[in-house]
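What follows is each chain in one-letter form.
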Amino acid sequence: MKLLLIPVAILILASCNNKKKTTTDSGEPAADTSATTTTVEKDQPPVAAETTASSIVGKWKPVEANMKDMDEEEKKEFLNDASIEFTAAGKYIALSKEDNETGTYSYDENTKMLTTTSPDGTAEKIKAVISNDKLTVYNEDGTMVFKRTN
């Protein structure tokens with residue numbers, strides 16, 4: 001399985017299958033959304049009251065990954081080897097053992113939405129909540145938590 005770690009993912013923030021088959025509520029196959037903007041609104045925990053307006057700018061290391069399609073070995077490798085940096089200039093640098101990626105991002109602190117654009121122009125939108133020194137990102141595949149390292 002090829003992992004996409006968003007910039008969020010993002011190489012790191014969106015760790016999911018490149019070609020994912022899903023079904024609608026009626027059980028019918030859904031359209032392939034792997035190269036489109038993805039947002040997740042259901043099955044997400046509520047945003048905690050202590051969420052702060054801290055900047056996303058900085059270096060982040062994953063400390064927790066609860067993803068549907070990630071086995072224990074992939075999870076261990078991800079937690080040990082991955083990191084992501086968001087610069088003040090609107091760039092991200094995602095690093096992992098297998099791949100490195102740079103791209104651009106924007107973060108809306110009001111809606112808690114992180115939008116990343118990879119070098120090939122693919123844009124992804126995910127829920128990203130910052131609370132103190134933790135960044136929690138949500139997508140349809142699960143949740144990842146990052147800790148600020150600087």
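What follows concerns the nonpolar core. A general tendency of soluble globular proteins is for nonpolar side chains to be buried together. Judged by nonpolar contacts, the single largest core of 21 residues is most densely connected at Ile56, Trp60, Phe86, Leu114, Leu135, Met144 and Phe146. Secondary structure elements with two or more residues in this core: strand E1 (58-67), strand E2 (83-86), strand E3 (91-95), strand E4 (100-108), strand E6 (123-131), strand E7 (134-139) and strand E8 (142-148). Contact partners of Ile56, with chain neighbours within four places excluded, come to Phe86, Tyr105, Tyr107, Leu114, Ile130 and Leu135.

Turning to the side chain of Ser118, a few remarks are in order. In this structure, Ser118 sits in the loop between strand E5 (113-117) and E6. Owing to a relative accessible area of 15%, Ser118 belongs among the buried residues under this scheme.

Here we come to the sheet that holds E7. Read around the closed barrel, the eight strands follow the order E1-E2-E3-E4-E5-E6-E7-E8; overall the barrel is antiparallel. Neighbouring strand axes in the sheet, compared pairwise and without regard to direction, differ in orientation by 35° on average. Relative to E5, E4 runs antiparallel, the two being bridged by five bridges. Looking at E5, one finds that Tyr105 is bridged to Thr116. With respect to the sheet, helix H1 (residues 72-81) is in contact with E1, E2, E3 and E8, its orientation differing from that of E1 by roughly 165°.

Quick look at the confidence of the model for the protein now. Mean pLDDT over the protein: 75, with 64% of residues reaching 70 or higher. Every residue in residues 1-26 scores below 50 in pLDDT, and together they form 106 contacts with partners more than four places removed in sequence or on other chains. Ignoring residues within four places in sequence, the model shows residues 29-53, a span with pLDDT below 50, making 40 contacts including any to other chains.

The rules behind these values
Residues numbered from 1 in each chain as written. Predicted model: local features only at pLDDT ≥ 70, side-chain atom pairs only at ≥ 80, totals over all residues. Heavy atoms only, no water. Core = buried A, V, L, I, M, F, W, Y, C linked by side-chain atoms within 4.5 Å. Buried < 20%, exposed > 50% of the residue type's maximum accessible area, 1.4 Å probe, protein only. Helix = DSSP H or I, 4+ residues; strand = E, 2+ residues; numbered from the N terminus. Contact = heavy atoms within 4.5 Å. Pairing = 2+ DSSP bridges. Axes fitted to C-alpha atoms, helices over the stretch in contact; angles between N-to-C directions. pLDDT = per-residue confidence, 0-100.

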